[in-house]
Structure formats: structure tokens, C-alpha cells
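A look at the structure
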Amino acid sequence: MTEVSTASPARLDATPPTGTDPAAWVAAHRAGIRELVALHGSVLVRGLDLDGRERAAAAVSAVLGEEGMAEREGFAPRDPYGPAGVYSSSHWPADQPMCMHHELSYAARSPRLLAFACVTPPASGGVTALADARAVLADLPAELVERFERDGWRLTRHYNPFVGIGWQDAFGGADRDEVERYCAEHGIETRWDADGGLRTTQRRPAVVAHPETGDRCWFNQIAFLNEWTMAPEVREFLTAEFGPEGLPFNTFHGDGSPLDRPTVDLVNEVYERHTVREPWRRGDLLVVDNVRMAHSREPYRGEREIVVGLGEPFRP
């Protein structure tokens, strides 16, 4: 294993002997990969023979070790791939971006570690870009940070049978009582619709201390899951169909007051100033510290298959 770059993400040239199982190689070098993630926030491993979903899932599982994390409260469907914490990437329209965010930062338990393995790179676009949450925090206006750090941020969701992910998939079961117990245990308010839909509200911290370094990090999905980040035609259609309170998700200040477009645009502009991009190549393995680094998925053309792993759950 040879390090070829310390740019963000750090890049490693994986040169296993011909015929070496890539998952076995990853398992043997797991400690070194984790050390580089701790140092740089992320590492991109190139040169592995991940020629199919099964090999990619095995490599991702090898990165996670025994600390794979089942997803709950997902905002878009995924396909599970067997080992704990290993999934397809979110089913999200190819022509729509997934803006910068920290995975499951709205949940009471979030993954500290993410792994992405490229089975099929897109014809164009589709980059999983990264941004350092410490730099983003330092670059945001002090008064904006102070308010979010004091009050947190609020997420509302409307799980309904017509758009987005259903509550059965999001919570991993069809028992209403179990869902209500889960929500009560995790600080989520619930309200059921007459048609079987579910509306939830939760308030979470917007700035957290990194579990190891103590560094303050901008850790949330305030801008991504906000109505102003939706494509205008999508927002207009959903608002017309379900009303302003029926959007599948929306974000607010922690006290419940709405976010205006300039604030959401400002957060996304700061993210863009700190964004680094590296186009996918077949067989790439990207390992990311989910607290220190935000990530996004850019629009793309052609087929794209990325296997994703969630690991090292912690409570923000």
C-alpha cells in the first residue's frame, strides 16, 4: 500500500498481488486506512479489483469490520446488500443533486464512518464531493452559527404513500406501535394522517464536537433537506399537491421559525467554497469521516453504481 497524495481526500495506490481478494487486502490494511482517515478526514483507495457488486460489498464490509450500522430514518430508498450497514447508494433522480450533508445527522445515532465503493462509474458527473466541516463552520457568519449552535435545527418529515420513502421502509417495519416507541425513545414527535401517512418533527444539534479530536464541526442537513434547495418545479408541484406543511421533508431554525432562501443559499455557497472533487473510477474505494467531512452527490449521466457502508454509530 503506497500513499501517492495527501490532498483531500488522501489517495492511496493499492497494488495487491494478482489474484488477491480485494476484501482480504482491505481487511489486512484496515488499520492503516483508518489512520489516514483520522489524519485527513477521508482517503481514496485506487487499484482494487472491485469487478462487481459482491466484491464491492465485501470490500466495504471489510472497512467497517464489526461496526456496521443499520440505517433508520432514511430519506430515500436503498437496497440492502447483506452485511450489516452495507447498501446501495440512495435512489435519487440522476438529474437532481444531493447537496452537501452529513449522513443521518438528523438521527439520534449517526455513523462516524462511511465507505463508498465504485462498481460502475457514470459517463459524466456523479462525483461524491467532500467538504471539511471545520472549515465550513469557520467560514459561516458568526451570528448564523451562534443561533444554530444555541437553538439547533428542526426537521419535519411527511411520510406518505404517494411520494418519497414510506415510513415502513424508513423505520424498518409496519408496526405503528413499534414506530411510535422508536420515535419516543429518539426524541421524535409523531402525528398520523387519516390516509396512513406519518408526520414527524425532531430537533438536533447543528454543531457538534468531533468524538475524538473535540474539533467543532458544522454537522447537519439544514441546507440539503430544505424546501429552497429543491428544484423549483419539484417544490411547486409538491406544495400544490400536499400543501406547504406536506413536503416530504423541510428544515427550520431550532425554534421552528422558517429558513429563508438567502440563508439556505449562503450555506450552500460556503460549502461550495470548500468542496473538493475527484471523479469516480471503477474500483475506487472512498472512506470518509462522516463528522469531519460533509459529502454530496452531483447530477450524472449514464449508469452509476456505488456500494455504500455505514459504520461506527455514535450519538451526536
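None of the values given here were measured: they were computed from a predicted structure. (Residues numbered from 1 in each chain as written. Predicted model: local features only at pLDDT ≥ 70, side-chain atom pairs only at ≥ 80, totals over all residues. Heavy atoms only, no water.)

Attention shifts here to the sheet that holds strand S10 (residues 188-192). What the four strands build is an open sheet, ordered S10-S11-S9-S14; its pairing is antiparallel. Edge positions in the sheet fall to S10 and strand S14 (249-253), since each has one partner strand and no second. If you compare each strand with its neighbour and ignore which way they point, the axes differ by 15° on average. Packed onto the sheet, helix H7 (residues 176-185) meets S10 and strand S11 (198-204) and runs at close to 150° relative to S10. (Pairing = 2+ DSSP bridges. Helix = DSSP H or I, 4+ residues; strand = E, 2+ residues; numbered from the N terminus. Axes fitted to C-alpha atoms, helices over the stretch in contact; angles between N-to-C directions. Contact = heavy atoms within 4.5 Å.)

A separate point is the sheet that holds strand S15 (residues 275-276). Reading across from one edge, S5-S17-S8-S15 is the order of the four strands in this open sheet, with antiparallel pairing throughout. Single-partner strands in this sheet number two, and they are strand S5 (98-101) and S15. Across two bridges, S5 lies against strand S17 (residues 293-297) in antiparallel orientation. In the strand pairing of S17, His-101 is matched with His-295.

What follows concerns the nonpolar core. Phe-75, Tyr-106, Phe-116, Leu-140, Phe-148, Trp-218 and Tyr-271 are the most contacted members of the largest nonpolar core, which has 51 residues in total. Take this core: its biggest share by element is four residues, from helix H9 (residues 261-273). If sequence neighbours within four positions are ignored, Phe-75 has contacts with Trp-92, Met-98, Tyr-106, Arg-157, Ile-165, Gln-221, Phe-224 and Leu-225. The next biggest cluster of nonpolar side chains, apart from the first, holds 28 residues, and it includes Val-26, Val-43, Ala-59 and Val-307. (Core = buried A, V, L, I, M, F, W, Y, C linked by side-chain atoms within 4.5 Å. Buried < 20%, exposed > 50% of the residue type's maximum accessible area, 1.4 Å probe, protein only.)

Taken as a whole and judged by the stated rule, the model has ten aromatic pairs. Each ring, one from Phe-148 and one from Trp-218, has its centre 5.8 Å from the other, and the planes form 85°; the classification is edge-to-face. Placement of the pair is Phe-148 in helix H5 (residues 142-151) and Trp-218 in strand S13 (residues 216-218), with a sequence separation of 70 residues. Put simply, the rings of Phe-75, Trp-92, Phe-224 and Phe-249 touch in pairs and so form one group of aromatic residues. We note Arg-176 situated over the ring of Trp-192; from NZ or CZ to the ring centre the distance is 4.3 Å. It is Arg-235 that lies over the ring of Trp-228; its NZ or CZ is 4.0 Å from the centre. (Phe/Tyr/Trp six-rings, centres within 6.5 Å; stacked < 30°, edge-to-face > 60°. Lys NZ or Arg CZ within 6 Å of the ring centre and 35° of its normal.)

What follows covers the pattern of salt bridges. Under the criterion given, the structure shown has 26 salt bridges. Put simply, Arg-112 and Glu-212 hold a salt bridge, and the shortest N to O gap is 3.4 Å. Here Arg-112, found in strand S6 (residues 110-120), pairs with Glu-212, found in the loop between strand S12 (207-209) and S13; they are 100 residues apart in sequence, far enough to count as distant. The class for Arg-112 is buried, based on a relative accessible area of 15%. Residue classification places Glu-212 among the exposed positions, given a relative accessible area of 57%. Each of Arg-30, Arg-34, Glu-67, Arg-112, Glu-212 and Glu-312 takes part in one network of salt bridges that share partners. (Salt bridge = Lys/Arg side-chain N within 4 Å of Asp/Glu carboxyl O.)

On their own, these measurements won't tell you what the molecule is for.
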